[in-house]
Amino acid sequence: METIPKNLVILFPGGNYTTEKPLLHFAEFKYRALKGYDCVKINYGDCLKKNLSPDEIIENIKSFILPQIEAIDFSSYDDIVFVSKSLGTIIAGWLTDKLNISNIRHIYLTPVEQTLPYITNNNNISMVVSGTKDKQMQADVLKNHCQRNKVSLKLIEGANHHLEIPEDINASIEILKIIAELYS
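Residues numbered from 1 in each chain as written. Predicted model: local features only at pLDDT ≥ 70, side-chain atom pairs only at ≥ 80, totals over all residues. Heavy atoms only, no water.

1. Some words on the pairing of strand β3 (residues 79–85)
Now for step 1: Counted residue by residue, β3 has 7 buried out of 7 residues, so it is predominantly covered.
Now for step 2: Looking at chain direction, strand β1 (residues 7–12) and β3 are connected through 6 bridges and run parallel. Residue I10 lies in a different strand from β3, and its bridge partner there is F82.
Now for step 3: Judged from the 6 bridges that link them, β3 and strand β4 (residues 104–109) form a sheet pairing that is parallel. Following the sheet pairing, F82 is matched in β4 by H106.
Now for step 4: You can see the chain leave β3, run along helix α3 (residues 87–99) and come back into β4, and the turn it takes is right-handed. (Buried < 20%, exposed > 50% of the residue type's maximum accessible area, 1.4 Å probe, protein only. Helix = DSSP H or I, 4+ residues; strand = E, 2+ residues; numbered from the N terminus. Pairing = 2+ DSSP bridges. Right-handed = clockwise from strand over helix to strand, strands pointing away.)

Here it is in structure tokens:
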């Protein structure tokens, strides 16, 4: 009897971008509903509500989610995809290093500067996506970094940190369609 591959997608939200917002909602929809992947939606509990520095928040998030992630039997999965957004890109990159799991693929949506050390060609990155008008990461800095590290980058002209064009709903919907196609 042939065994059916078992696959997993883990969604890492941003600080102000939940897994229910469009980019991550449609990642879940495509992987879970259309491809049959198991899905884990990471949450950060109250870590974001505390009045701490950004670095302290990140350290609290790491401590908070590590038990959630360590409870997963990664060895039972054939394909593992981490789809992360903004702050979540830091956490997803860190976890890959921390857990030393080789069969994780990354899709980084609007990474921030602290994610750059994880965006290298030896970290199995399927795609990095950002907008040219993302105020959290200069497009030229990200583009140069990805080129130096031979990592695939999709820069969306005119898109902001949410990968939207605020004054144009139709263009924003088209961007969402393009990104959904990248979920492979």
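Okay, back to it.
2. Comments concerning the layout of surface pockets
Now for step 1: Taken as a whole, the largest pocket spans an internal volume of roughly 310 Å³.
Now for step 2: Lining of the largest pocket is provided by 17 residues; of these, G15, S86, L87, V112 and Q136 occupy positions nearest its centre.
Now for step 3: When residues of the lining of the largest pocket are traced back to their parent elements, those giving at least two are α2 (54–70) and α3.
Now for step 4: Class assignment of the residues belonging to the lining of the largest pocket gives a composition of 8 nonpolar, 8 polar and 1 charged. (1 Å grid on protein atoms, 1.4 Å probe; cavity = no way out; pocket = protein on both sides within 12 Å on 5 of 7 lines; lining within 4 Å. Points joined across faces, edges and corners; volume = space filled by probe spheres on them. Nonpolar A, V, L, I, M, F, W, Y, C, P; charged D, E, K, R; others polar.)

3. What to know about the nonpolar core
Now for step 1: Ranked by size, the top nonpolar core spans 36 residues in total, and within it I10, F12, Y44, F74, F82, L95 and I119 carry the most contacts.
Now for step 2: Put simply, the parts of the chain that give this core at least two residues each are β1, α2, β3, α3, β4, β5 (125–131) and α4 (139–148). (Core = buried A, V, L, I, M, F, W, Y, C linked by side-chain atoms within 4.5 Å.)

4. A look at the packing of α2 against α3
Now for step 1: Remark: α2 packs on α3, axes separated minimally by 11 Å, with the N-to-C direction vectors making an angle of 55°. One element, α2, and the other, α3, form an angle in the oblique class. α2 and α3 meet at a crossing whose hand is right-handed. Facing I58, I61, K62, I65, L66, I69 and E70 of α2, the residues of α3 in contact are L87, I90, I91, W94, L95, K98 and L99.
Now for step 2: Taken together, the residues of the contact of α2 with α3 sort by class into 11 nonpolar, no polar and 3 charged. (Axes fitted to C-alpha atoms, helices over the stretch in contact; angles between N-to-C directions. Parallel < 35°, antiparallel > 145°, perpendicular 65-115°, else oblique. Left-handed = near helix turned anticlockwise from the far one by under 90°. Contact = heavy atoms within 4.5 Å.)

5. Re the sheet that holds β1
Now for step 1: Within the open sheet, the 6 strands sit side by side as β2-β1-β3-β4-β5-β6. Their pairing is parallel. Because the sheet does not close on itself, it has two edges, and the strands there are β2 (38–41) and β6 (153–156). Neighbour to neighbour, the strand axes of the sheet diverge by 15° on average, direction disregarded.
Now for step 2: Strands in contact with helix α1 (residues 22–34) are β1, β2, β3 and β4; relative to β3, the strand with the most contacts, it is inclined by about 165°.

6. So, unusual backbone geometry
Now for step 1: The residue T110 is not glycine, and still its phi comes out positive at about 45°.
Now for step 2: Relative to the helices and strands, T110 is located in the loop between β4 and β5.
Now for step 3: Given a relative accessible area of 0%, T110 falls into the buried group.
Now for step 4: Located in the positive-phi region is N124, a residue other than glycine, with phi close to 50°.
Now for step 5: Looking at the element boundaries, N124 is found in the loop between β4 and β5.

7. Here we look at the packing of aromatic side chains
Now for step 1: For the structure on display, the rule yields 4 aromatic pairs.
Now for step 2: Relative to F29, the ring of F26 has its centre 6.5 Å away and its plane inclined at 75°; by these criteria the two rings are edge-to-face. Residue F26 and its partner F29 are located together in helix α1, separated by 3 residues, close to a single helical turn.
Now for step 3: When the centroid spacing of 5.0 Å and the interplanar angle of 65° are considered together, the rings of Y31 and Y37 count as edge-to-face. (Phe/Tyr/Trp six-rings, centres within 6.5 Å; stacked < 30°, edge-to-face > 60°.)

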